[in-house]
Amino acid sequence: MSAPSTDRLAELEWDLIRYDPQSAHMHMAVDEVLLQQVIAGARRPTVRFWRWIEPALVIGSHQSVANEIDVVAARELGFTVTRRMSGGGTMLCEPDRTITYSLCLPATIVAGLSFRQSYAALDAWAVRSFIELGVPAGYREINDIISPRGKIGGAAQARRRGMVLHHTTIAHTMDPAVLPRLIRIGRERLSDRGVRSANQAVSPLSWFTTLDCAEVARHMERSFAAEFRVHESEVSNDELDAARELAAKKYATAGWVNRLP
């Protein structure tokens, strides 16, 4: 990561929303509502740590459910399928096994960086946080936090009206046998539309630390607060109401989840 980007990121004042429990569709909707609030100037740049309360498969905006998800297996195993507003590949998320964080910030902070460089710049603090735990973490372009044994987490972005929504999903614990049942990596295309997820070995944090998922999330919150100027915040009642409406009208609908990019 370049030094100028580090300096610019540190100059921001942030709203920090701690380990926030929501359903899968609500997490997608809260992200969009917070982005709108930052765009409108109603919020500072915001970091939110997500707590997953149901198993979910989150596909990227440019993906096809038919290509990515074994919907029969997802139904049998109780996974909700949802679609985020950003790109990237499919992520498997489970309660007490997955940490996601999102950043909403001005695009000027990553001005002069390529998309690849912007991913690394916005996740560098998380890599440092994992290293503090003794995790041998590093970064792999385009958008992966890795260990020598595989992928720890992946990031995705959306850019709207001069702002960046950047979120990263971290595997704390994962059953490797579940992935090929749920995600159709390597299987035949069922649709000629949609970006496919990459086939990559996963390296959960639990291989390197005895801290549980919530403890790692709290460590990451402390790491962010130690590096940057933060103000304690929460999702307001008005923002929650707006997110519930958005989830009902958009994120929870078959039209959004199953749309073809």
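Structure first, text after, so check above.
Owing to the predicted nature of the structure, the values given are computational and were not obtained by experimental measurement.

### Topic: the sheet that holds strand β3 (residues 56–59)
The sheet built from three strands is open, its strands ordered β4-β3-β5 with mixed pairing. Every interior strand has two partners, whereas the edge strands, β4 (80–83) and β5 (91–93), have only one. Adjacent strand axes in the sheet meet at a mean angle of 25° when their direction is disregarded. The sheet strands contacting helix α2 (residues 24–40) are β3 and β4, and the helix crosses β4 at an angle near 15°.

### What to know about the environment of V58
Relative to the helices and strands, V58 resides in strand β3. With 30 residues separating them in the primary sequence, V58 and M28 have C-alpha atoms 9.2 Å apart.

### Digging into the nonpolar core
By size, the foremost hydrophobic cluster in this structure holds 43 residues, and its most contacted members are W52, L57, I69, A74, L92, L182 and Y251. The dominant element in this core, judged by the number of residues it contributes, is α2, at nine residues. Excluding residues that lie within four positions of it along the chain, A74 makes contacts with L57, I69, F79, V81 and L182.

### Digging into the pairing of strand β8 (residues 144–147)
Here β8 shows two buried faces, one formed by D144 and I146 and the other by I145 and S147. Where strand β7 (residues 138–140) and β8 come together, three bridges link them in antiparallel fashion. By the bridge assignment for β8, Y139 is matched with I145. As paired elements, β8 and strand β9 (residues 150–160) share four bridges and run antiparallel to each other. Note on β9: the bridge partner recorded for S147 is G150. Linking two consecutive strands that pair antiparallel, namely β8 and β9, is a turn of two residues.

### Overview of α2
Here α2 contains 17 residues, and its C-alpha end-to-end distance of 25 Å stays within 8% of the 24 Å for a straight helix at 1.5 Å per residue. Buried residues dominate α2, accounting for 13 of its 17 residues. Phi turns positive, to about 80°, at G41, one or two residues after α2.

### Remarks on the sheet that holds β8
Across the sheet, which stays open at both edges, the eight strands sit in the order β7-β8-β9-β10-β6-β2-β1-β11 with mixed pairing between neighbours. Of all strands in the sheet, those bounded by a partner on one side alone are β7 and β11 (229–233). Put simply, the sheet's adjacent strands are angled 25° from each other on average, direction ignored. Set on the sheet, α2 makes contact with β1 (13–22), β2 (46–52), β6 (98–106), β9 and β10 (163–171); between it and β2 the angle comes to about 175°.

### Brief notes about the environment of T90
With respect to the element layout, T90 can be found in the loop between β4 and β5. Considering only alpha carbons, one finds T90 and S64, 26 residues apart in sequence, at a separation of 10.0 Å.

### Focus: the environment of S86
Along the chain, the position of S86 falls in the loop between β4 and β5. Looking at S86, the relative accessible area reads 1%, which means it is buried. Counting along the chain gives 72 residues from S86 to A158, while the straight-line C-alpha distance between them is 4.6 Å. Look past the residues within four positions of S86 in its chain and what remains in contact with it is G60, S61, A156, Q157, A158 and H167.

About the criteria used
Residue numbers here run from 1 along each chain, matching the order of that chain's written sequence. The predicted origin of the model limits local features to residues at a pLDDT of at least 70 and limits the giving and counting of side-chain atom pairs to 80 or more, whereas totals for whole chains, interfaces and linings rest on all residues. The side-chain figures draw on all heavy atoms in the structure; neither hydrogens nor water molecules are used. Here, a strand pair is defined by DSSP locating no fewer than two bridges between the strands. Helix numbers and strand numbers start at the N terminus; a helix is a DSSP run of H or I with at least 4 residues, a strand a run of E with at least 2. Lines fitted to the C-alpha atoms define the axes, with helices restricted to the stretch that makes contact. Angles between their N-to-C directions range from 0 to 180 degrees. Should any heavy atoms of two residues lie within 4.5 Å, those residues are counted as being in contact. To define a nonpolar core, start from buried Ala, Val, Leu, Ile, Met, Phe, Trp, Tyr and Cys residues and group those joined through side-chain atoms within 4.5 Å. Partly exposed describes any residue whose relative accessible area lies between the buried limit of under 20% and the exposed limit of over 50%, with all areas from a 1.4 Å probe on protein chains only and scaled to the type maximum. To estimate how far a helix should extend, the number of its residues minus one is multiplied by 1.5 Å.

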